[in-house]
Amino acid sequence: MNAAPADQIRLLEVQALDVRLSQLAHKLRTLPEHAELDALNADLTQLRDLLVAAQTEESDTAREQTKAEQDVDQVRQRAARDQKRLDSGAVTSPKDLENLQHEIASLAKRQSDLEDVVLEVMERREAAQERVAELTGRVQSLQDRIGDTTARRDTAAGEIDAEVATVTKERGVIAATIPADLLKLYDKLREQQGGVGAARLYQRRCDGCRQELAITELNEVRAAAPDAVVRCENCRRILVRTPESGL
């Protein structure tokens, strides 16, 4: 394959732009905000699970408190009715009076026990409410951090995307001036060789594989016509000759 030396030089310009595009793609993929967001979202998921558990506990204790208070109220009402009967004098039988007084005493003990249960449930509910409030605050704080980090990531990504657009446009302009067959070979080699399809021959060394050319290979390059497209024997990339090639 033959191509004017100027076209081969421009191929190095395209290669430099392609390297920059690869660097920008890597930079976009490895923005520190990505890892930070992954960690923050994992923490948020864990906190939300804890919050749901705390809310469930608070809801359960609320129902338990309501039930306990209803039990106390029922006993209190029953005791009040018995006391009213006792105070009315309607019960005259000594045995019935004794039974009524015994029941009132038992109800008083039962009410006291149930009130203790209410207090214990209220304490647990208060602790659950405090836990819910604490976790809600932590979730909100974490969501704020995620919002800030997302904004930073989007800003950084936007700057990278803008540079990508500029470099891509510049590459298109230069690539349009390069013969189609040479550009096709370059693109094929670039795909095969990890993103580098053309390399400068600098001081008798291939900039692609960093290997110094053997004397026989160097003589072949010296003897090649200026418009001949030469390839590195070691990595098979296009070798572009420049005044600094050391030929």
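Scroll up a little and you will see the structure.
Residues numbered from 1 in each chain as written. Predicted model: local features only at pLDDT ≥ 70, side-chain atom pairs only at ≥ 80, totals over all residues. Heavy atoms only, no water.

Time to look at the pattern of salt bridges. Enumeration over the complete set of coordinates arrives at 24 salt bridges. Linking R190 and D18 is a salt bridge whose minimum nitrogen-to-oxygen distance equals 3.3 Å. Here D18 lies in helix 1 (residues 5-29) and R190 lies in helix 4 (residues 180-192), a separation of 172 residues in the sequence. Its relative accessible area of 23% is what places R190 among the partly exposed residues. In this structure D18 comes out as buried when scored by relative accessible area, which is 4%. When the shortest N-O distance is used, the salt bridge between D207 and R210 registers 3.4 Å. Because the salt bridges share partners, they merge into one network encompassing D18, R171, D187 and R190. (Salt bridge = Lys/Arg side-chain N within 4 Å of Asp/Glu carboxyl O. Helix = DSSP H or I, 4+ residues; strand = E, 2+ residues; numbered from the N terminus. Buried < 20%, exposed > 50% of the residue type's maximum accessible area, 1.4 Å probe, protein only.)

Time to look at the packing of helix 1 against helix 3 (residues 94-175). Here helix 1 crosses helix 3 at 160 degrees, and the two axes come no closer than 10 Å. Relative to helix 3, the element helix 1 is oriented roughly antiparallel. Here the hand of the crossing between helix 1 and helix 3 comes out left-handed. Here helix 1 contributes R10, E13, V14, L17, D18, R20, L21, L24, K27 and L28 to the contact with helix 3, which in turn contributes A157, I160, D161, E163, V164, V167, T168, E170, R171, I174 and A175. Partitioned by chemical class, the residues of the contact of helix 1 with helix 3 number 11 nonpolar, one polar and nine charged. (Axes fitted to C-alpha atoms, helices over the stretch in contact; angles between N-to-C directions. Parallel < 35°, antiparallel > 145°, perpendicular 65-115°, else oblique. Left-handed = near helix turned anticlockwise from the far one by under 90°. Contact = heavy atoms within 4.5 Å. Nonpolar A, V, L, I, M, F, W, Y, C, P; charged D, E, K, R; others polar.)

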